[in-house]
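So you can see what is in the structure, the chains are spelled out below.
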Amino acid sequence: MSLPSSIDVAIIGAGAAGLGAAHALKNSGLSTIVLEARDRVGGRAHTILATPDILFDVGCGWLHSADENSFVAIAEQLNFKLDKSHPPWREQSFGEIFPPKQRAEFIKALDAFHDRAEKAATSGRDRAASLYLEPGNRWNPMIDAISTYVNGSELDSVSIIDTYAYHDSGLNWRVRQGYGALMAAYGASCPLAFNCQVTLIDHSGKSVRIETSRGTLSAGKVIVTVPTNLIADEAIRFHPALPAKVDAARGLPLGIADKVVLALDEPQALPKDGSLRGATMRTAMGAYHLRPFGQPCIEGFFGGRFAQELEDAGDGAIAAQSIDEIVSYLGSDFRRKLKPLSESRWAHDPFARGSYSHALPGHAGDRAALAAPVDGRLFFAGEATSPHFFSTAHGARDSGESAAGEVMEALAKR
Ligand SMILES: Cc1cc2nc3c(=O)[nH]c(=O)nc-3n(C[C@H](O)[C@H](O)[C@H](O)COP(=O)(O)OP(=O)(O)OC[C@H]3O[C@@H](n4cnc5c(N)ncnc54)[C@H](O)[C@@H]3O)c2cc1C
């Protein structure tokens, strides 16, 4: 879509949050446009066909808290099929690699850690979650590994108050055609301007002036939905400056989680929707989903500092690491059976700069600070602003809808 010279509401970013805002404003009578730096919608939701018969969600894949997830109704409306089978996260397909007795000990240690940390969170002191690991417990590195998957970060940089503000109903579903594909369908009816990178939001004048890579436009209201790391790095700037927003964004950095998909020869040798993890006593390790949806592939998941290290090592490093790990678990025969297809490098993605937000210790209040509107003209959404569903796609979408509601309220007050 061509760039208008002026608009009632400009939405910056066509991820779940921006699309949620655009949908909510559809019948408002206001002119709106979504300014998107990429040439596609979805942001951190992106489905690719790694081969004609292997679908891969490079970003989000699970509809967390499915019974409260607003994308469930959207999927049904758009005729996307939902897979409601249970995720294999707490299971292990190859008992001998992580024997049941050891797994039970690990789960017990993990649950005990959560009990301690959750209790501490209710005390109101916002400290690092790592302080609640039992000193000397042999499972600590693996408990930390779980944090790298869930938070994209090790426990030493995770706020306990924020962690336990997250709401998880325990139900996790998937979209058979891909979560990213659902997002693309959801965005198809929105007014979008692609390849339109916003660099400056000048709110010094009567209307807000937005500088983009495709020219300048003025807007009555602006909804900013870009990932926190872009605000923290001032890749998108405000004039006058908004130091409170930059500080809040810095308190909510994006952790790193990366995925890889490997084609699998002779897939019938492995269980459909199986799970594979080693008892390696390391934080630096991948977790594997065998044959997701029965497809002939294995998906690997890496998080935290290890994911950063692998990303920094260059394209192909995540696939190489996962093949080495899988071979060490299942035998050398698997080296010839596995072929790298695709891997993410979200920290190196210029318009994401990470995977999902966590609050640093002492910064649990930053989500509300980031979400707060400025002067009834600048509004903020995105997963990091969600009070209870942060780090998720549905949390992002709902936050966009809320920001659109704030815009309407501000207009009604005039
Ligand atoms: C590997 C991985 C696995 C995940 N797994 C899950 C999961 O299973 N379930 C789940 O619910 N969530 C998951 N997530 C998180 C989920 O994908 C995100 O929380 C959600 O998609 C974020 O949506 P958003 O709209 O806040 O941000 P984004 O999707 O990042 O959207 C922001 C948009 O702003 C654009 N943008 C950035 N800078 C500019 C600029 N200067 N000008 C214009 N546009 C700009 C970006 O290109 C992007 O399109 C995962 C994420 C990753 C990376």
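Residues numbered from 1 in each chain as written. Predicted model: local features only at pLDDT ≥ 70, side-chain atom pairs only at ≥ 80, totals over all residues. Heavy atoms only, no water.

Colleague: Sorry, what's going on with the sheet that holds strand β14 (residues 257–264) here?
Modeller: What holds strands together in a sheet is hydrogen bonding between their backbones, with the strands either parallel or antiparallel. Strand order across the open sheet formed by 5 strands is β15-β16-β17-β14-β18, with antiparallel pairing between neighbours. Among the strands making up the open sheet, the edge pair consists of β15 (274–276) and β18 (338–343). Averaged over all neighbouring strand pairs, the angle between strand axes comes to 25°, with direction disregarded. Both strand β16 (residues 287–290) and strand β17 (residues 297–303) contribute to a ladder of 4 bridges, which runs antiparallel. Of the residues in β17, the one forming a bridge with H289 is E299. Contacting β14, β15, β16, β17 and β18, helix α10 (residues 317–330) crosses the sheet at an angle of about 60° to β14. (Pairing = 2+ DSSP bridges. Helix = DSSP H or I, 4+ residues; strand = E, 2+ residues; numbered from the N terminus. Axes fitted to C-alpha atoms, helices over the stretch in contact; angles between N-to-C directions. Contact = heavy atoms within 4.5 Å.)

Colleague: Would you mind showing me how to read the environment of V407 here?
Modeller: Its location among the elements puts V407 in helix α13 (residues 393–413). Of the residues examined, V407 reaches a relative accessible area of 0% and is grouped as buried. Placed 29 residues apart in sequence, V407 and L378 show a C-alpha to C-alpha distance of 8.7 Å. Here V407 is in contact with V9, L30, K221, I223 and F379, once residues within four sequence places are set aside. (Buried < 20%, exposed > 50% of the residue type's maximum accessible area, 1.4 Å probe, protein only.)

Colleague: I keep staring at the pairing of strand β4 (residues 54–57) and nothing clicks. Help me out?
Modeller: Residue alternation in β4 divides its side chains into two sets, I54 and F56 and L55 and D57, and both sets are buried. In the sheet, strand β3 (residues 47–51) pairs with β4 via 4 bridges, with the strands oriented antiparallel. Across the sheet, residue T47 finds its bridge partner in β4, namely D57.

Colleague: What am I meant to see in the pairing of strand β10 (residues 208–212) here?
Modeller: As a general feature of sheets, a regular strand has side chains that alternate between the two faces. Across the two faces of β10 the burial differs, with V208, I210 and T212 buried and R209 and E211 not buried at all. Here strand β9 (residues 198–202) pairs with β10 via 4 bridges, running antiparallel. Counterpart to V198 in the pairing with β10 is T212. In sequence, β9 turns back onto β10 through a hairpin of 5 residues. Of the strand pairs in this sheet, β10 and strand β11 (residues 215–224) are connected by 5 bridges, and their pairing is antiparallel.

Colleague: Help me out: how do you make sense of the site of the ligand in this one?
Modeller: Near the ligand lie 37 residues; those nearest to it are E36, R38, R44, W62 and V198. Contacts to the ligand include W62, whose backbone N or O atom sits 2.8 Å from a nitrogen atom. One of the backbone nitrogen or oxygen atoms of V198 is found 2.8 Å away from a nitrogen atom of the ligand. When the free accessible area of the ligand is taken as 1,000 Å², the share hidden by the protein chains comes to 99%. Contributions of two or more residues to the shell around the ligand are made by α1 (16–24) and α13. A per-class count over the shell around the ligand returns 20 nonpolar, 13 polar and 4 charged. (Near = heavy atom within 4 Å. Polar contact = N/O pair within 3.5 Å; in protein donor to acceptor, adjacent residues only side chain to side chain. Areas by Shrake-Rupley, 256 points an atom, 1.4 Å probe, with all protein chains shown as cover. Nonpolar A, V, L, I, M, F, W, Y, C, P; charged D, E, K, R; others polar.)

Colleague: Looking at this structure, I do not really get the nonpolar core. What am I missing?
Modeller: Side chains that are nonpolar tend, in soluble globular proteins, to be buried together. One finds I143, L276 and L330 to be the most contacted residues of the largest nonpolar core, which totals 47 residues. For this core, the elements supplying multiple residues, two or more each, are α3 (100–121), α4 (140–150), β14, β16, β17, α9 (304–312) and α10. Top element by residues in this core is α10. It accounts for 8 residues. Not counting residues up to four positions away in its chain, the partners in contact with L330 are F94, I97, L270 and L276. A21, A75, A403 and A404 belong to the second largest nonpolar core, which has 37 residues in total. (Core = buried A, V, L, I, M, F, W, Y, C linked by side-chain atoms within 4.5 Å.)

Colleague: For this particular structure, what's the right way to read the sheet that holds strand β5 (residues 62–63)?
Modeller: Strand order in the open sheet formed by 3 strands is β5-β7-β6, with antiparallel pairing between adjacent strands. The open sheet has two free edges, formed respectively by β5 and β6 (82–83), since each of these has just one partner strand. Inspection of the sheet shows β5 paired to strand β7 (residues 173–175) by 2 bridges, in the antiparallel sense. Note on β7: the bridge partner recorded for L63 is W173.

Colleague: So what exactly am I meant to see when it comes to unusual backbone geometry here?
Modeller: As a rule of thumb, non-glycine residues mostly have phi less than zero, and peptide bonds are mostly trans rather than cis. Residue P240 follows H239 across a cis peptide bond; omega there is -5°. With respect to the helices, strands and loops of the structure, P240 is situated in the loop between β12 (237–239) and α8 (243–251). We note that R291 has phi near 45°; this positive angle belongs to a residue other than glycine. Following the sequence through the fold, R291 ends up in the loop between β16 and β17. Classification of R291 by relative accessible area gives buried; the value is 15%. One non-glycine residue, D375, lies in positive phi territory at about 55°. Within the element layout of this structure, D375 appears in the loop between α12 (366–371) and β20 (378–380). Overall, D375 belongs to the exposed group, its relative accessible area being 62%.

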